[in-house]
Amino acid sequence: MISSGYLQQGQQAIQRRKKQFRSLLSERRLPTSGWDDQSIEMFLQEVAAMDSNNFLDSVGVGEREARVASGLVARRHYGLAHGIGRSGDIAAEQPKAAGSSLLQKLTNVLTKDTLRLAGFGDLGEVSVIPVATGMAISLTVLALKAGRPSGAEYMLWPRVDQKTCLKSLVLAGVKVVPMPMKRIGDQLCTDIDSLGAKVSELGADKVLGIVTTTSCFAPRAADDVVAVAKLCAEHGIGHIINNAYGVQAQQLTRQITMAWRRGRVDAVIQSTDKNFMVPVGGAVICAGAKNDELVAKVNQSYPGRASMAPSLDLLITLLHWGATGWTKVLQEREELLPAMRIALSQFAKDHACLKAVAAVRTMLSGQ
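All residue numbers refer to position in the chain's written sequence, counted from 1. Only residues with pLDDT of 70 or above have their local features reported here, since the model is predicted, and side-chain atom pairs are shown and tallied only from 80 upward, although totals for entire chains, interfaces and linings are computed over all residues. Note: side-chain values were computed over all heavy atoms of the structure, leaving out hydrogens and water.

For the protein chain, the name recorded in an unreviewed UniProt entry is O-phosphoseryl-tRNA(Sec) selenium transferase, with Apatococcus fuscideae as its organism. Per UniProt, the comment on the protein chain under Cofactor (unreviewed entry) is "pyridoxal 5'-phosphate". UniProt positions are given in the numbering used here, feature names are shortened, and annotations may be inferred rather than shown by experiment.

Here is the structure:
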């Protein structure tokens, strides 16, 4: 129908994209360079054809799922309507959706590679779940609670003046013990001595664990996750790290790596939107290789199937970036920090804020 020369050119273009697909599935890591939008869409459409609701000449008699009334909704989700997981495990394969199951597993694998590039070492299990950070903390605490003696009911929580983490712990049905911070200079830091004293006071068998926080609003500094990890290992209690914003900061990823190498860390929770520039609604749960059982338990505790929309958003974004693009984003954030400090200092100087801050410090030091 067309000249053989032109046909060959077209076939070569298609085969080049298919080679990308094969390399992605065989290497199971981020492509070096990001993919163009057409390649990503072709890949998703091919994989979506593996889901039973997209089979040709197939009528799903009695089907309750994957019935989509609006063509716009179907296109928005690339026809991936069955969701992920099964009633017993969100990470389990979905019998009617081989394509969706493949994409979910691929997202977890690529996310693990992404975390490695961000500075995490000795990574174990990684799971992307379709709930935001607060609900992810609740699910993780519930999974930790299920594996501990029934009398372990207290969760120590170095104080953060933000509602989400506290509400997530209350929802999980634990007795929250807010712990005071220690002022060092103009920062509020982890008071390891008071944490250790409280564990001894309550009894280690009564303490479910400690939830630490790596990133929050000033003047609250990142918790000393290494010291807390050692404390938790010493007393045999759980340790969950709320690392909502922390993937983008290599100093934090290195501290977390050191924490699970030197002590106990059961799970680390990250927000997908805060770290990967996707819509709100997903979280990444990970752990170190020597102690990653809790991540699988969270997957197994998830009730029913789940939406794959957050995983799909993350997968598309990671393919868009590739390893080179993701690394560039991390480098840009690091480079912008000193520039932001200079600009904020100049702003404060121009608006006489420094005098006000100095006056407040003087007042506080006299109290």
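K.L.:
How should I be thinking about a nonpolar patch on the surface in this particular structure?
P.N.:
A residue counts toward a patch only above 30% relative accessible area and without a salt bridge, and it is joined to like-charged neighbours within 9 Å or, for Val, Leu, Ile, Met, Phe, Trp and Tyr, to nonpolar neighbours within 5 Å. We get accessible surface area from the Shrake-Rupley algorithm with a probe of 1.4 Å; when it comes to residues, only the shown protein chains can shield them. The term salt bridge refers to a pairing of a side-chain nitrogen on Lys or Arg with a carboxyl oxygen on Asp or Glu at a separation within 4 Å. A contiguous nonpolar patch, built from Met-1, Ile-2, Tyr-6 and Leu-7 and spanning about 590 Å² of accessible area, is present on the exposed surface. Runs of E in the DSSP output that reach at least two residues are strands. Runs of H or I that reach at least four are helices, and both are numbered from the N terminus. Assignment of secondary structure puts Ile-2 in the segment before helix 1 (4-27).

K.L.:
Explain the pattern of salt bridges to me, please; I cannot follow it from the model alone.
P.N.:
Side chains that differ in charge, positive against negative, can pair when their charged atoms come close. All chains considered together, the criterion is met by 11 salt bridges. The salt bridge partner of Glu-46 is Lys-18, with a shortest N-O separation of 2.5 Å. Placement of Glu-46 in helix 2 (residues 37-48) and of Lys-18 in helix 1 is noted, with a sequence separation of 28 residues between them. Only protein chains enter the accessibility calculation, which uses a 1.4 Å probe; a residue is then buried when its area is under 20% of its type maximum, exposed when over 50%, and partly exposed in between. For Lys-18, a relative accessible area of 26% corresponds to the partly exposed category. Taking the shortest distance from any N to any O, the salt bridge between Lys-274 and Asp-273 comes out at 3.9 Å.

K.L.:
For this particular structure, what's the right way to read empty space enclosed by the protein?
P.N.:
Picture a little ball the size of a water molecule; that probe, rolled over the atoms, points out where space is still empty. Here a cavity denotes a set of grid points, spaced 1 Å apart and computed over the protein atoms alone, in which a 1.4 Å probe fits but from which it cannot get out, and a pocket denotes an open set meeting protein on both sides within 12 Å along at least five of seven lines; residues with an atom within 4 Å of a point are reported as lining. Grid points are joined across faces, edges and corners, and a volume is the space filled by probe spheres set on the points. Using the criterion set out here, one finds 1 cavity of 30 Å³ or more in the structure. If you add up the space inside the largest cavity, you get close to 40 Å³. The wall of the largest cavity is formed by Ile-84, Gly-85, Ala-91, Ala-92, Glu-93, Gln-94, Ser-100, Ser-101, Gln-104 and Lys-105. Three residue categories are used. Nonpolar comprises Ala, Val, Leu, Ile, Met, Phe, Trp, Tyr, Cys and Pro, charged comprises Asp, Glu, Lys and Arg, and polar comprises the others, including Gly. In terms of residue class, the lining of the largest cavity is made up of 3 nonpolar, 5 polar and 2 charged.

K.L.:
Before we go on, may I ask you to explain the packing of helix 7 (residues 192-202) against helix 8 (residues 225-235) in this structure?
P.N.:
The packing of two helices is summarised by the inter-axis angle and the distance between the axes. Following both chains from N to C, one finds helix 7 and helix 8 inclined at 20 degrees, their axes separated by 10 Å at the closest point. Considered as vectors, helix 7 and helix 8 are oriented roughly parallel to each other. At the point where helix 7 passes helix 8, the crossing takes the right-handed sense. For the pair helix 7 and helix 8, the contacting residues are Ile-192, Leu-195, Gly-196, Val-199 and Ser-200 in the first and Ala-227, Val-228, Leu-231 and His-235 in the second. Along the lines of polarity and charge, the residues of the contact of helix 7 with helix 8 split into 6 nonpolar, 3 polar and no charged. To obtain each axis, a line is fitted to C-alpha atoms, and for helices this fit is confined to the stretch in contact; angles are then taken between N-to-C directions over 0 to 180 degrees. Geometric relationships in this document are graded by angle, where less than 35 degrees denotes roughly parallel, more than 145 denotes roughly antiparallel, 65 to 115 denotes roughly perpendicular, and other angles denote oblique. Definitions for this section: a left-handed crossing has its near helix turned counterclockwise from the far helix by less than a right angle. A right-handed crossing has that turn clockwise. Contact definition: two residues touch when any of their heavy atoms are within 4.5 Å.

K.L.:
I keep staring at unusual backbone geometry and nothing clicks. Help me out?
P.N.:
With the exception of glycine, the majority of residues adopt a negative phi angle, and the majority of peptide bonds are in the trans configuration. The peptide bond linking Ala-218 to Pro-219 adopts the cis configuration, its omega dihedral lying at 10 degrees. Residue placement: Pro-219 occurs in the loop between strand 6 (207-213) and helix 8. At Asp-122, a residue that is not glycine, the phi angle is positive and equals roughly 55 degrees. Position of Asp-122 relative to the elements: it lies in the loop between helix 4 (98-117) and strand 1 (123-129).

K.L.:
Which parts of the structure should I look at to understand the sheet that holds strand 6?
P.N.:
Strand pairing is assigned whenever DSSP identifies at least 2 bridges connecting the two strands. The strand order across the open sheet formed by 7 strands is 1-9-8-7-6-2-3, and the pairing between neighbours is mixed. On the outer flanks of this sheet lie strand 1 and strand 3 (175-179), each paired with one strand and no other. Averaged over all neighbouring strand pairs, the angle between strand axes comes to 20 degrees, with direction disregarded. Pairing between strand 1 and strand 9 (residues 283-288): 5 bridges, direction antiparallel. Across the sheet, Ile-129 pairs through a bridge with Ala-283, a residue of strand 9. Its contacts with the sheet place helix 9 (residues 250-262) against strand 1, strand 7 (238-242), strand 8 (267-271) and strand 9, and it is angled at close to 45 degrees to strand 9.

K.L.:
Hey, could you run me through the UniProt feature "binding site: pyridoxal 5'-phosphate" (unreviewed entry) in the protein chain in this one?
P.N.:
In this numbering, the UniProt entry assigns the feature "binding site: pyridoxal 5'-phosphate" (unreviewed entry) to Arg-64. Structurally, Arg-64 is set in the loop between helix 2 and helix 3 (71-76).

K.L.:
Looking at this structure, I do not really get the nonpolar core. What am I missing?
P.N.:
Among soluble globular proteins, nonpolar side chains are generally buried collectively. Here the nonpolar core consists of buried residues drawn from Ala, Val, Leu, Ile, Met, Phe, Trp, Tyr and Cys, with membership extended through side-chain atoms lying within 4.5 Å. Residues Phe-43, Leu-103, Leu-115, Val-141, Leu-169 and Phe-276 are the most contacted members of the largest nonpolar core, which totals 74 residues. The element best represented in this core is helix 12 (residues 309-350), accounting for 10 residues. Ignoring sequence-local partners within four residues, the contact set of Val-141 consists of Met-155, Leu-169, Ala-172, Val-174, Leu-208 and Ile-240. Judged by nonpolar contacts, the second largest core, of 11 residues, contains Met-179, Leu-195, Ile-210 and Val-228.

K.L.:
Please explain helix 11 (residues 293-301) as it appears in this structure.
P.N.:
Residue pairs three or four apart in sequence face the same way in an α-helix, which turns once every 3.6 residues. Within the span of helix 11, buried status applies to Leu-294, Val-295, Val-298 and Asn-299. On an axial view of helix 11, the arc spanned by its buried residues comes to 150 degrees, and they lie on one face. The inward-facing, buried residues of helix 11 abut strand 1, helix 5 (133-146), strand 8 and strand 9. Here the arc refers to the set of directions running from the helix axis out to each C-beta atom.

K.L.:
Would you explain the environment of Gly-85 in this entry?
P.N.:
With respect to the helices and strands, Gly-85 occurs in the loop between helix 3 and helix 4. The spacing of Gly-85 and Gln-300 is 215 residues in sequence and 9.5 Å in space, taken between C-alpha atoms. Once residues within four sequence positions are removed from consideration, Gly-85 is found in contact with Ile-90, Ala-92, Gln-94 and Arg-305.

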